[in-house]
Amino acid sequence: AAAAAAAEDAANGPAQPEVAATVATGGSDAGAGVADDDDVLGPSSTLFVGVNGEQRQDGDAPSYYNPQEVLVLAELLASLLGTPATAAAVGAGGAAAQPAVSVNDIGVIATYRRQVQKIRLLLRQRGLGAVRVGTVDDYQGQEERIIFISTTLSKPESLPPPLPDVSAIEQPQNNQRSSGSWGLAGGVSDVGFWRNPKRFNVAITRAKALLVVVGSPRVLAADDNWRQLLRHCVAR
């Protein structure tokens, strides 16, 4: 609710509103593993929603999804947009009031392709299929007024190992850019924006007005880049 309210405030304000960053906790471990640090940098209009979810895989597929994060995202979007069926009601000539934020103002980024698919499916079921959902690669060069990021992982040990040369994950192999799978030394793939400062920067700079990060604080605290953003939210 806090994230949705802040997003609506951002939509009603100027293009770059000063929305106070906060931590809206959806799980008891929202602040775990985060050290106090007053000297942190990050977007001023940033919210973090902690979710104590469970990462899953389908068989031997390398891509992860997190049902709890999918549900939290859908609920946040429905709250922000008024009702789950606001767009459909207005399109059908209903009397529903036009919300301050429309589906055209919102984008969702997920770390893994399977999470993207799960989010799209639930949003379609709730009448919000017009919300754009993709991986960080899909948002290269694109921006939205409000961006939600689903970080998906719930286990820090599932993070890819730190690499001495991040260029190893900056070029897709076998033209797989559209699938979200980027080649890594050792055969690891589908790492999204983990362990890569450049792609992390792409992810968090797609929002014009407000960035809402949904995920496990324990996982984010284990990644150098995301730890700084999480500290920023806690400090604010």
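Just above sits the structure.
Just so it is clear, the structure is predicted and the values come from calculations on it, not from any experiment. (Residues numbered from 1 in each chain as written. Predicted model: local features only at pLDDT ≥ 70, side-chain atom pairs only at ≥ 80, totals over all residues. Heavy atoms only, no water.)

Chemist: Give a description of the packing of aromatic side chains that names residues and reports values.
Modeler: As enumerated under the stated definition, the model contains 3 aromatic pairs in all. Pairing tryptophan 194 with tryptophan 226 gives two aromatic rings, centres 6.2 Å apart and planes at 55°, and the pair type is tilted. Highlighted residues: tryptophan 194 in the loop between strand S7 (144-150) and helix H5 (197-204) and tryptophan 226 in helix H7 (residues 224-235), separated in sequence by 32 residues. For tryptophan 194, a relative accessible area of 0% translates into the label buried. With a relative accessible area of 0%, tryptophan 226 lands in the buried category. Their ring planes at 80° and their centres at 4.8 Å tell us that phenylalanine 200 and tryptophan 226 sit as a pair that is edge-to-face. Note that phenylalanine 200 is positioned in helix H5 and tryptophan 226 in helix H7, a separation of 26 residues in sequence. Across the pair, tryptophan 226 and phenylalanine 200 agree in class, each one buried. Every member of this aromatic cluster is reached through a ring pair, and the members are Trp194, Phe200 and Trp226. Here the guanidinium or amino end of arginine 114 rests over the ring plane of tyrosine 65, the centre of that ring lying 6.0 Å away. If you follow lysine 118 out to its NZ or CZ, it ends over the ring of tyrosine 65, 4.5 Å from the centre. (Phe/Tyr/Trp six-rings, centres within 6.5 Å; stacked < 30°, edge-to-face > 60°. Helix = DSSP H or I, 4+ residues; strand = E, 2+ residues; numbered from the N terminus. Buried < 20%, exposed > 50% of the residue type's maximum accessible area, 1.4 Å probe, protein only. Lys NZ or Arg CZ within 6 Å of the ring centre and 35° of its normal.)

Chemist: An account of the pattern of salt bridges is needed here, citing residue identities and associated values.
Modeler: Under the defined criterion, the tally for this structure stands at 7 salt bridges. Arginine 113 serves as the salt-bridge partner of aspartate 138, at 3.3 Å between the closest nitrogen and oxygen. Note that aspartate 138 is positioned in the loop between strand S6 (132-134) and S7 and arginine 113 in helix H4 (residues 113-125), a separation of 25 residues in sequence. Assessed through its relative accessible area of 15%, arginine 113 is described here as buried. The shortest N-O distance in the salt bridge between arginine 132 and glutamate 144 comes to 4.0 Å. Here the residue arginine 132 occupies a position in strand S6, and glutamate 144 occupies one in strand S7, the gap between them amounting to 12 residues. By relative accessible area, which is 30% here, arginine 132 ends up partly exposed. (Salt bridge = Lys/Arg side-chain N within 4 Å of Asp/Glu carboxyl O.)

Chemist: Any chance you could break down the nonpolar core for me, citing the residues and the numbers?
Modeler: As a rule of thumb, nonpolar side chains are buried together in soluble globular proteins. Among the nonpolar cores identified, the biggest contains 28 residues, and Ile106 and Phe148 are the most heavily contacted of them. When contributions to this core are tallied by element, the ones reaching two or more residues are strand S2 (46-50), helix H2 (67-80), strand S5 (106-110), H4, S7 and strand S8 (207-215). The contact partners of phenylalanine 148, leaving out residues within four places of it in the chain, are Leu73, Leu76, Leu77, Leu80, Ile106, Gly107, Val108, Ile109 and Val212. Ranked by size, the runner-up nonpolar core spans 25 residues in total, among them Ile109, Tyr112, Val136 and Ile204. (Core = buried A, V, L, I, M, F, W, Y, C linked by side-chain atoms within 4.5 Å. Contact = heavy atoms within 4.5 Å.)

Chemist: Please give an account of H7 that cites residues and values.
Modeler: With 12 residues, H7 extends 17 Å between its outermost C-alpha atoms, agreeing within 8% with the 16 Å of an ideal straight helix rising 1.5 Å per residue. Within H7, the full set of buried residues consists of Asn225, Trp226, Leu229, Leu230, Arg231, His232 and Cys233. Measuring from the side-chain oxygen of the N-cap residue of H7 to the backbone nitrogen of asparagine 225 gives 3.0 Å; that N-cap residue is aspartate 223. (Expected span 1.5 Å × (residues − 1). Polar contact = N/O pair within 3.5 Å; in protein donor to acceptor, adjacent residues only side chain to side chain.)

Chemist: Can you explain the packing of H2 against H4? Please cite residues and give values.
Modeler: Contact geometry for H2 and H4: axes closest at 10 Å, N-to-C directions at 45°. Regarding the angle of H2 to H4, the classification is oblique. At the point where H2 passes H4, the crossing takes the right-handed sense. Of the residues in H4, those touching H2 at Glu69, Val70, Leu71, Leu73, Ala74 and Leu77 are Gln115, Lys118, Ile119, Leu122 and Leu123. Taken together, the residues of the contact of H2 with H4 break down into 8 nonpolar, 1 polar and 2 charged. (Axes fitted to C-alpha atoms, helices over the stretch in contact; angles between N-to-C directions. Parallel < 35°, antiparallel > 145°, perpendicular 65-115°, else oblique. Left-handed = near helix turned anticlockwise from the far one by under 90°. Nonpolar A, V, L, I, M, F, W, Y, C, P; charged D, E, K, R; others polar.)

Chemist: So what about the pairing of S2? Which residues, and what values?
Modeler: Extensive coverage of S2 is indicated by the burial of 5 of its 5 residues. Here S2 shows a buried face lined by Thr46, Phe48 and Gly50 and a second buried face lined by Leu47 and Val49. With 5 bridges connecting them, S2 and S8 associate as parallel partners. Note on S8: the bridge partner recorded for glycine 50 is glycine 215. (Pairing = 2+ DSSP bridges.)

Chemist: I'd like to hear about H2, residue by residue, with values.
Modeler: Since the α-helix advances by 3.6 residues per turn, residues separated by three or four positions end up pointing in the same direction. Under the 1.5 Å per step criterion, the end-to-end length of H2 is 20 Å for 14 residues, consistent within 8% with the ideal 20 Å. Glycine 82 sits one or two positions beyond H2 and adopts a positive phi of about 110°.

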